[in-house]
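# Summary of the model geometry
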Amino acid sequence: MKRKKRIGTVGKAIGCLFFLMVSLFPIYWLVAMAIRPTDEMRGHIALIPQSLTGIHFAELFSAKNFGTAIVNSLQTTFGSLFISLVVGICAAYIIARRRFRFGLKKPMIYWVLLVRVLPPVAFTIPLYIMFNKLGILNTKLPVLLACVLINVPLIIWFLISFFQDLPEEVEESAKVDGATEWQLFCRIVLPLVAPGIAAVAMLSFMYAWNEYTYTVIFTRTAANNTVPLALALLNTEDNLTNFGLVAAGGVVSVIPITLFVIFAQNYLISGLSSGAVKE
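Residues numbered from 1 in each chain as written. Predicted model: local features only at pLDDT ≥ 70, side-chain atom pairs only at ≥ 80, totals over all residues. Heavy atoms only, no water.

### Details of the overall build of the chain
Cut-off, in case you're wondering: Here a helix means four or more residues in a row that DSSP labels H or I, a strand means two or more in a row labelled E, and each is numbered from the N terminus. To sort residues, take the accessible area from a 1.4 Å probe on protein chains only and compare it with the maximum for the residue type: under 20% means buried, over 50% means exposed, and anything in between is partly exposed. The contact rule is simple, with two residues in contact once any of their heavy atoms fall within 4.5 Å. Using a 1.4 Å probe, the Shrake-Rupley method yields the accessible areas, and only the shown protein chains count as cover for residues.
Within the chain, the secondary structure is distributed over 12 helices and zero strands. Order of helices (α) and strands (β) in the chain, N terminus to C terminus: α-α-α-α-α-α-α-α-α-α-α-α. Counting the 279 residues in the chain, one finds 37% classified as buried. Across the chain, the fraction of contacts at a sequence separation of at least 24, relative to all contacts at a separation of at least 6, is 70%. A total accessible area of about 17100 Å² is found for the chain, and carbon and sulfur atoms account for 69% of it.

### Notes on the packing of aromatic side chains
Cut-off, in case you're wondering: Pairing of aromatic side chains requires ring centres within 6.5 Å, counting the rings of Phe and Tyr and the six-membered ring of Trp. Pairs whose planes differ by under 30 degrees are stacked, by over 60 edge-to-face, and all others tilted. Definition used: whenever NZ (Lys) or CZ (Arg) falls within 6 Å of the ring centre and also within 35 degrees of the ring normal, the charge is taken to sit over that ring.
Counted by the stated rule, this structure contains 13 aromatic pairs. An angle of 70° between the planes, with centres 5.6 Å apart, marks the rings of F18 and F19 as edge-to-face. Assigned by exposure class, F18 and F19 land together as exposed. Pairing F25 with W29 gives two aromatic rings, centres 5.9 Å apart and planes at 20°, and the pair type is stacked. In this pair, F25 and W29 are both assigned in helix α1 (residues 2-35), four residues apart and thus about one turn of the helix distant. An aromatic cluster of at least three residues, connected via ring pairs, comprises Y93, F163, W182 and F185. Seen from the ring of W29, R36 lies directly overhead, with NZ or CZ sitting 5.3 Å from the centre.

### Side note on the state of the cysteines
Threshold: The criterion for a disulfide is a pair of cysteine sulfur atoms lying within 2.5 Å.
Following the criterion strictly, the structure yields zero disulfides and no others. Left without a disulfide partner, C186 is nearest to the cysteine sulfur of C90, which lies 8.3 Å away.

### Quick word on a nonpolar patch on the surface
Rules: Each patch is built from salt-bridge-free residues with over 30% relative accessible area, joining like charges within 9 Å and nonpolar side chains (Val, Leu, Ile, Met, Phe, Trp, Tyr) within 5 Å. For this analysis, a salt bridge means a side-chain nitrogen from Lys or Arg found within 4 Å of a carboxyl oxygen belonging to Asp or Glu.
Judged by side-chain polarity, L17, L20, M21, L24, I27 and V31 come together as a nonpolar surface patch covering roughly 560 Å² of accessible area. In this structure, L17 sits in helix α1.

### Quick look at the packing of helix α6 (residues 141-165) against helix α9 (residues 194-209)
We apply this condition: Axes, fitted as lines to C-alpha atoms, cover a helix only where it is in contact. Angles between the N-to-C directions of the axes lie from 0 to 180 degrees. These descriptions rest on fixed angle ranges, namely under 35 degrees for roughly parallel, over 145 for roughly antiparallel, 65 to 115 for roughly perpendicular, and the rest for oblique. Working rule for handedness: look at the near helix, and if it is turned counterclockwise from the far one by less than a right angle, call the crossing left-handed; if clockwise, right-handed. Lys, Arg, Asp and Glu make up the charged group, whereas Ala, Val, Leu, Ile, Met, Phe, Trp, Tyr, Cys and Pro make up the nonpolar group; the residues left over, Gly among them, are polar.
With their axes 10 Å apart at the nearest point, α6 and α9 run at an angle of 160° to one another. Looking at the two axes, α6 sits roughly antiparallel to α9. When the axes of α6 and α9 are compared, the crossing they make is right-handed. In this structure, α6 uses C147, I150, N151, L154, I155, F158, L159 and F162 to contact α9, whose residues at the interface are G196, I197, A199, V200, L203, S204, Y207 and A208. Looking at side-chain class alone, the contact of α6 with α9 contains 13 nonpolar, three polar and no charged residues.

### Observations regarding the packing of helix α7 (residues 168-176) against helix α8 (residues 181-192)
Two quantities define a packed helix pair, namely the angle between the helix axes and the distance between the axes. It is at 10 Å that the axes of α7 and α8 come closest, and there the two elements cross at 145°. Considering only the axes of α7 and α8, their crossing is right-handed. For the pair α7 and α8, contact is made by V170, E171, A174 and K175 and by E181, L184, I188, V189 and L192, respectively. The residue makeup of the contact of α7 with α8, split by class, is six nonpolar, no polar and three charged.

### A few points about the nonpolar core
Our working rule: In these notes, a set of buried Ala, Val, Leu, Ile, Met, Phe, Trp, Tyr and Cys residues joined through side-chain atoms within 4.5 Å is what counts as a nonpolar core.
Ranked by size, the top nonpolar core spans 48 residues in total, and within it F66, L85 and F163 carry the most contacts. Secondary-structure elements contributing two or more residues to this core are α1, α3 (66-97), α4 (105-117), α6, α8, α9, α11 (227-234) and α12 (243-276). The greatest single-element share of this core, amounting to 10 residues, is contributed by α3. The residues contacting F163, other than those within four sequence positions of it, are I89, A92, Y93, A96, R97, V189 and V193. In terms of nonpolar packing, the next biggest core, distinct from the first, is built from 14 residues, F123, F131, Y207 and A208 among them.

Here is the structure:
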């Protein structure tokens, strides 16, 4: 029996290692192409780089103005994330805790879900007309507002269940102790739903960072390009065979979202563990 258990454990370990290698190999290959010279990418390409170089990263920021695209993406992403979280958290709490006349609660929830399930391109023409009349086209603001439009329904739909699962007795006891509505919401409710906020913040950040469609339509100058559009512009006829430059852009574009996910994941784990311990 012990021998069979050992064989099963070893088999599981080998299987997990195999799937891990398959999952991580594209990331390794992306980094390997970004740090190897162009001469090594002609003909047969070795699995391990024979020499290392940083010329692709230097060209990316000096000749391709990739730093401006990163700044633009950070501004639109964090700006839309902040607005989406403020609006979405408040709206989700009101829908989950307040009663509506004439049975409007369920239709409102389904309407929010409908906005989220529609493809983003369905809002392109209405948004373009609105932004054109407002005179804010060819700026970063339309991209920010479009990301807010897509992320707010996701946040509302995701957090409604978290607010509904909170015991109302906790809020009632806080009101008895003299807590105002704002104190109740900020000091008691929000810490209890912190894991849900961290999870939905990850999803919203990833969507806003990877947004491409609205950037192409609403921006027209290179000064307002975001990272996805800058990466697409690297795949032109001039750079079609410069795989190292494109790979370097991919590596740089992954770093901010990876750091944010790691940071938010720590808060997610902390929120789950703190909620499980009773002091």
